[in-house]
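A closer look at the structure
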Amino acid sequence: MFSRGYRGTTAKPSLLGFGCMRLPRVSEESQEIDFEKAERLIDEAYAAGVNYYDTAYVYHDGKSEGFLKRALAKYPRESYFLADKMPSWHLKMPGDVERIFEEQLKRCGVDYFDFYLCHSITAKSLETFEKFDVFTYLEHQKEKGRIRRLGFSFHDTPEVLEKVLSLRDWDFAQIQLNYIDWLAQDAKGQYTLLQNAGIPVVVMEPVRGGALATLCPEAAACFKQAEPDRSLASWALRFAGSLPGVMTVLSGMNTLEQVRENTALFTAFTPLSDEEQKTLEKAAELYKAHLTIPCTGCRYCMDCPSGVEIPKMFALYNDYTLSQREGVYLKAYEALPETQRAASCVQCGRCAERCPQHIQIPEKMQEIKACIEKLQAD
Ligand code: SF4
Ligand code: SF4
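Residues numbered from 1 in each chain as written. Chains lettered and ligands numbered in written order. Predicted model: local features only at pLDDT ≥ 70, side-chain atom pairs only at ≥ 80, totals over all residues. Heavy atoms only, no water.

1. Observations concerning empty space enclosed by the protein
The tally for this structure, following the rule as stated, stands at two cavities of 30 Å³ or more. Considering only enclosed or pocket space, the largest cavity measures out at about 110 Å³ in volume. Lining the largest cavity are 16 residues, and of these Cys304, Ile310, Cys345, Cys348 and Cys351 lie nearest its centre. Looking at the lining of the largest cavity residue by residue, the classes come out as eleven nonpolar, three polar and two charged. (1 Å grid on protein atoms, 1.4 Å probe; cavity = no way out; pocket = protein on both sides within 12 Å on 5 of 7 lines; lining within 4 Å. Points joined across faces, edges and corners; volume = space filled by probe spheres on them. Nonpolar A, V, L, I, M, F, W, Y, C, P; charged D, E, K, R; others polar.)

2. Details of the site of ligand 1
Around ligand 1, the structure places Cys304, Pro305, Ser306, Ile310, Cys345, Val346, Gln347, Cys348, Gly349, Cys351 and Pro362. Taking a 2 Å distance to the grid points as the criterion, the majority of the atoms of ligand 1 fall inside the largest cavity. When grouped by side-chain class, the residues that make up the shell around ligand 1 number eight nonpolar, three polar and no charged. (Near = heavy atom within 4 Å. Sits in = over half its atoms within 2 Å of the grid points.)

3. Things to note about helix α12 (residues 274-288)
Its 15 residues place the ends of α12 21 Å apart at the C-alpha level, agreeing with the 21 Å of an ideal helix rising 1.5 Å per residue. Those residues of α12 that fall on the buried side of the exposure criterion are Glu276, Thr279, Leu280, Ala283, Ala284 and Tyr287. With its buried residues spanning 140° around the axis, α12 presents them on a single face. In α12, the exposed positions that point more than 90 degrees away from the buried face belong to Asp274, Glu275, Lys278, Lys282 and Glu285. Turning to α12, the residues buried within the fold contact α9 (217-226), α10 (232-241) and α13 (310-323). (Helix = DSSP H or I, 4+ residues; strand = E, 2+ residues; numbered from the N terminus. Expected span 1.5 Å × (residues − 1). Buried < 20%, exposed > 50% of the residue type's maximum accessible area, 1.4 Å probe, protein only. Arc of directions from axis to C-beta. Contact = heavy atoms within 4.5 Å.)

4. Some thoughts on the site of ligand 2
Taken together, 13 residues sit near ligand 2, with Cys295, Cys298, Arg299, Cys301 and Cys355 positioned nearest. Most atoms of ligand 2, that is more than half of them, are within 2 Å of grid points of the second largest cavity. A class-by-class count of the residues in the shell around ligand 2 yields nine nonpolar, three polar and one charged.

5. A short note on the domain arrangement of the chain
Here the chain is described as being made up of domain 1 (16-288) and domain 2 (310-377). Summed over both partners, the interface of domain 1 with domain 2 buries about 670 Å², with 48% contributed by carbon and sulfur atoms. In this structure, the connection of domain 1 to domain 2 is made through one salt bridge. The residue Lys312 makes a salt bridge to Glu28 at a minimum N-O spacing of 3.1 Å. (Domains from an automatic or database assignment. Buried area = accessible area lost by both parts, 1.4 Å probe. Salt bridge = Lys/Arg side-chain N within 4 Å of Asp/Glu carboxyl O.)

6. Looking at the side chain of Arg341
Positionally, Arg341 belongs in the loop between α14 (326-334) and α15 (361-377). Within the buried set, Arg341 has no salt-bridge partner at all; the shortest N-O distance to an opposite charge, 4.6 Å, is to Glu338. Residues within four places of Arg341 in sequence aside, it is in contact with Val308, Met313, Tyr333, Glu334 and Leu336. (Lys, Arg positive; Asp, Glu negative; His and termini not counted.)

7. Observations regarding the packing of aromatic side chains
Under the defined criterion, the tally for this structure stands at 25 aromatic pairs. For the ring pair Phe101 and Tyr116, a centre distance of 5.1 Å and an interplane angle of 80° mean the geometry is edge-to-face. Taken together, the positions of Phe101 in helix α3 (residues 96-108) and Tyr116 in strand β4 (residues 113-121) put the pair 15 residues apart, joining distant regions of the chain. Exposure class is identical for Phe101 and Tyr116. Each is buried. (Phe/Tyr/Trp six-rings, centres within 6.5 Å; stacked < 30°, edge-to-face > 60°.)

8. Quick look at the sheet that holds strand β7 (residues 201-204)
What the eight strands build is a closed barrel, ordered β1-β2-β3-β4-β5-β6-β7-β8; its pairing is parallel. Put simply, the sheet's adjacent strands are angled 25° from each other on average, direction ignored. Packing of helix α4 (residues 123-131) onto the sheet brings it into contact with β3 (81-87) and β4, and relative to β4 it is tilted by some 125°. Helix α11 (residues 256-267) contacts β1 (16-19) and β8 (246-251) of the sheet and is inclined by roughly 155° relative to β1. (Pairing = 2+ DSSP bridges. Axes fitted to C-alpha atoms, helices over the stretch in contact; angles between N-to-C directions.)

9. Examining the packing of α4 against helix α6 (residues 158-167)
Direction vectors running N to C along α4 and α6 enclose 20°, while the axes themselves pass 10 Å from each other. In this view, α4 runs roughly parallel relative to α6, as classed from their interaxial angle. α6 is crossed by α4, and the crossing has left-handed handedness. Residues Ala123, Leu126 and Glu130 of α4 form the contact with α6, whose own contacting residues are Val160, Lys163, Val164 and Leu167. For the contact of α4 with α6, the residue count by class is five nonpolar, no polar and two charged. (Parallel < 35°, antiparallel > 145°, perpendicular 65-115°, else oblique. Left-handed = near helix turned anticlockwise from the far one by under 90°.)

Shown next, in the form of structure tokens:
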């Protein structure tokens, strides 16, 4: 497995990392992980050389960490890197930081994390991290050897990133980077700041929550014409993996097919050529003309007190705006229980403040509701 290594150590995280946020589930409606199916993915990835596993306190409603404990138990602890994260939105009172950190070690069945992140730093969440003195606590854990490298994942502007970088000497940073967000969310600006600071980059959402694996027909045709045998997802992964300073590209793999395709891609990794880069830029322009709601399906906005299935609403709507298949959209929407539909949104706004993509969720729910009503009337 191609790996670039980590500054100052001989350890080498693999360039392809396994993101454990979208593992196979027992059913569509549940966040319960299908252990056997998910374990098989981990085993195949491990055998192919993937040694970086990324989890979080909140993934799969808190079950991702425990899953990894069981799935990785058969492998020597020093043979893989485990990354976990502290969620600011679960910090309500002094003592929560320690409680969550200790719980995470227990859930994962380890006595140290190789990589530990302050989860989803934004200007707003930074206030919470500072209020609860999280950085000092985590520094302390690092001194005790319970954290090997301390970093953060980030969802805000380069200006906010500059501020975060000035706070301490971070060991790594995780940013949302893909060929659409390169300019659309100024991933380029964030990446450049990290490069200039010499901080290794972990890439999240390289395929933008799966959206760049399907694209719109025009952009897909552009890629297929250039290289018929390459999958659309492989272009997105190669874009992220080609950038110097990128330590690991996280992929939230949830089928064996994806694991096999991605590990093959990264085992014989070839950076994008200049010609391929031009093809990618052309396809990106075509896709941007269709861009709808930049939801990545992370589920940080959940649960909605009214029961609205927010990411599902956005996935269906995005699929419709790309395909324009009205009948398919209506059928899928109406097949959902009423509480899960956009029409059940009471505009409380609780979800929007948690969305790392800064989507105005209540407004979008109203738009979706109006769109559905129009389609139903036609
Ligand atoms: S604004 Fe709507 S979708 Fe968001 S939490 Fe409130 S009811 Fe749910
Ligand atoms: S709406 Fe925002 S928080 Fe919710 S799943 Fe989509 S990107 Fe994540």
